[in-house]
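Inside the fold
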Amino acid sequence: MPRFRAILDTMPAYRPGKAVVSPDGRSYKLSSNESPYDPLPSVVEAVARAATEVHRYPDPAATALTEALAERYGVPPEHIALGAGSVTVAQQLFETVSEPGAEVVYAWRSFEAYPLLADLAGATSVRVPLAGETHDLAAMAEAITPATRMVFVCNPNNPTGTVVRSGELKAFLDRVPEDVLVVLDEAYREYVRDADVTDGLTVYRDRPNVAVLRTFSKAYGLAGLRVGYLIANEPVAAAVRKTMVPFAVNHLAQAAAVASLAAEDELLERVETVVGERTRVRDALIAQGWTVPVTEANFVWLRLGERTLEFAEACAAEGVAVRPFAGEGARVSIGTPEANDTFLAAAAAFRDA
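Residues numbered from 1 in each chain as written. Predicted model: local features only at pLDDT ≥ 70, side-chain atom pairs only at ≥ 80, totals over all residues. Heavy atoms only, no water.

You'll find the protein chain entered in an unreviewed UniProt entry as Aromatic amino acid aminotransferase, with Planomonospora corallina given as the organism. In the Catalytic activity (unreviewed entry) part of its UniProt record, the protein chain is described as follows: "an aromatic L-alpha-amino acid + 2-oxoglutarate = an aromatic oxo-acid + L-glutamate". Of the protein chain, the UniProt comment under Cofactor (unreviewed entry) reads exactly: "pyridoxal 5'-phosphate". (UniProt positions renumbered as here; feature names shortened; annotations may be inferred.)

Okay, here's the thing in structure tokens:
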């Protein structure tokens, strides 16, 4: 029998959101924070053209995409690192800073991949409990030790949708030692409407130890193609590029991401529709009697405690897949109006029962 790393015996597998089907055939997947819309025609056309070239390796430097991102955000191309989805770029970050004894600080609950990636990289996780469903940045600053190599701030936070605002983020960053990398995980940035939430790209330029992590999976609707990116000062971005698996961002993904940036105005109109639905869903849930924190992402969070799995099963019976975290709560993505209405009806029925 081959010998494997001992950590694998204690690691739970990542649990992706699943689809469900009701007895009458309805199926609404609100468990993975995906865009509810089909790809734009211009993006489909770009992928179709690129498909005629899949007998060739993709550009390992993703030159066209890197240049498009640099132009879009007004940053040097050398400040950009790419990966197969932001979770893979996060994995690259863990590999960049981790070695025996290294600590990584993050809020909990937050993105469920963080502890898995830390374990795989051999880093020690330091989890700081949320305060009122939001990052407790003061406590996170206190948790930093000489062994700390990296801190993740998920903003908006997954799965609660809550945000860290400008003043508290600045105060936190002022307390972080210069040799500790702070990663602002902004996978849901496009959905933020709170003007007091700092855009990480306005912060990193003056702080060499800050990096911004983003993705094409959510607002841009390319979850199936896997494209994520990091923007940071050149020493950080260069280190992360060293950990990238060659050809990780495939040719179709690169073409789709470039086309998506070109069609950004049209894509962001869809984002506005999702934001409108987000408000409608949250207001309806509050009217039903639920406590729902203000969310700046494309999902809502219900703190359900011991009834979490029961709630998820009740939704599944109506053909609605939500993302339960046993003993804690459920995250529900914003979908089409029809999907949202079906979920709201299921939530109301559960509440009445």
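Still to come is the rest of the account.
Let us now look at the UniProt feature "modified residue: N6-(pyridoxal phosphate)lysine" (unreviewed entry) in the protein chain. Residues annotated in UniProt with the feature "modified residue: N6-(pyridoxal phosphate)lysine" (unreviewed entry) correspond here to Lys-218. Residues within four places of Lys-218 in sequence aside, it is in contact with Ser-32, Asn-33, Ser-35, Ala-187, Tyr-188 and Tyr-191. There is a polar contact of 3.4 Å between the side chain of Lys-218 and the backbone oxygen of Ser-32. (Contact = heavy atoms within 4.5 Å. Polar contact = N/O pair within 3.5 Å; in protein donor to acceptor, adjacent residues only side chain to side chain.)

Moving on, we come to the sheet that holds strand β6 (residues 181-185). Pairing in this open sheet of seven strands is mixed, and the strands run β2-β8-β7-β6-β5-β3-β4 from one edge to the other. Across the chains shown, the open sheet's two edge strands, defined by having one partner strand only, are β2 (80-83) and β4 (124-129). Each strand axis lies, on average, 25° off the axis of its neighbour in the sheet, ignoring direction. Here five bridges tie strand β7 (residues 210-215) to strand β8 (residues 228-232), and the two strands are oriented antiparallel to one another. Among the inter-strand pairings, Leu-213 is bridged to a residue of β8, identified as Leu-230. Across the sheet, helix α6 (residues 166-175) is in contact with β5 (148-154), β6 and β7; its angle to β6 comes to roughly 160°. (Pairing = 2+ DSSP bridges. Helix = DSSP H or I, 4+ residues; strand = E, 2+ residues; numbered from the N terminus. Axes fitted to C-alpha atoms, helices over the stretch in contact; angles between N-to-C directions.)

With that settled, the discussion passes to the packing of aromatic side chains. Evaluated as defined, the whole model comprises 15 aromatic pairs. Taking 6.4 Å as the distance between ring centres and 20° as the angle between the ring planes, the aromatic pair formed by Trp-290 and Phe-350 counts as stacked. Within this pair, whereas Trp-290 is found in the loop between α9 (264-288) and β9 (299-303), its partner Phe-350 is found in helix α11 (residues 337-352), the two being separated by 60 residues in sequence. For the ring pair Phe-311 and Phe-350, a centre distance of 5.2 Å and an interplane angle of 90° mean the geometry is edge-to-face. Residue Phe-311 is located in helix α10 (residues 308-317), and its partner Phe-350 is located in helix α11; the two are separated by 39 residues in the primary sequence. When sorted by exposure, Phe-311 lands in the same class as Phe-350, which is buried. Put simply, the rings of Phe-94, Tyr-106, Trp-108, Phe-111, Tyr-114 and Phe-152 pair up and form one aromatic cluster. Above the ring of Phe-299, the side-chain terminus of Arg-331 is found at 5.9 Å from the ring centroid. (Phe/Tyr/Trp six-rings, centres within 6.5 Å; stacked < 30°, edge-to-face > 60°. Buried < 20%, exposed > 50% of the residue type's maximum accessible area, 1.4 Å probe, protein only. Lys NZ or Arg CZ within 6 Å of the ring centre and 35° of its normal.)

Right, let's get into the pattern of salt bridges. The tally for this structure, following the rule as stated, stands at 17 salt bridges. Measuring nitrogen to oxygen at the nearest pair gives 2.7 Å for the salt bridge that ties Arg-214 to Glu-186. Placement of the pair is Arg-214 in strand β7 and Glu-186 in the loop between β6 and β7, with a sequence separation of 28 residues. What makes Glu-186 buried here is its relative accessible area of 2%. Note that Arg-278 and Glu-296 form a salt bridge whose closest N and O atoms lie 3.8 Å from each other. On the criterion of sequence distance, the pair formed by Arg-278 in helix α9 and Glu-296 in the loop between α9 and β9 is long-range, its members being 18 residues apart. (Salt bridge = Lys/Arg side-chain N within 4 Å of Asp/Glu carboxyl O.)

Let us look at the nonpolar core. A general trend in soluble globular proteins is that nonpolar side chains are found buried together. Judged by nonpolar contacts, the single largest core of 84 residues is most densely connected at Phe-172, Phe-216, Leu-285, Phe-311 and Phe-343. Contacts of Phe-311, omitting those with residues within four sequence positions, involve Trp-290, Leu-302, Leu-304, Ala-330, Phe-343, Ala-347 and Phe-350. The next biggest cluster of nonpolar side chains, apart from the first, holds 27 residues, and it includes Val-97, Ala-123, Leu-181 and Val-240. (Core = buried A, V, L, I, M, F, W, Y, C linked by side-chain atoms within 4.5 Å.)

All right, on to the environment of Ala-339 then. Residue placement: Ala-339 occurs in helix α11. Accessibility expressed as a relative area gives 4% for Ala-339, which makes it buried. Remark: the alpha-carbon pair of Ala-339 and Tyr-57, spanning 282 residues in sequence, is separated by 39 Å. Apart from residues lying up to four places away in sequence, Ala-339 is in contact with Tyr-28 and Leu-30.

Where helix α3 (residues 86-97) contacts helix α4 (residues 113-121), the two axes come as close as 9 Å, and the packing angle between them is 40°. Classified by the angle their axes make, α3 and α4 are oblique. When the axes of α3 and α4 are compared, the crossing they make is right-handed. Between α3 and α4, the contacting residues are Val-87, Ala-90, Gln-91, Phe-94 and Glu-95 on the first element and Ala-113, Tyr-114, Leu-117, Ala-118 and Ala-121 on the second. (Parallel < 35°, antiparallel > 145°, perpendicular 65-115°, else oblique. Left-handed = near helix turned anticlockwise from the far one by under 90°.)

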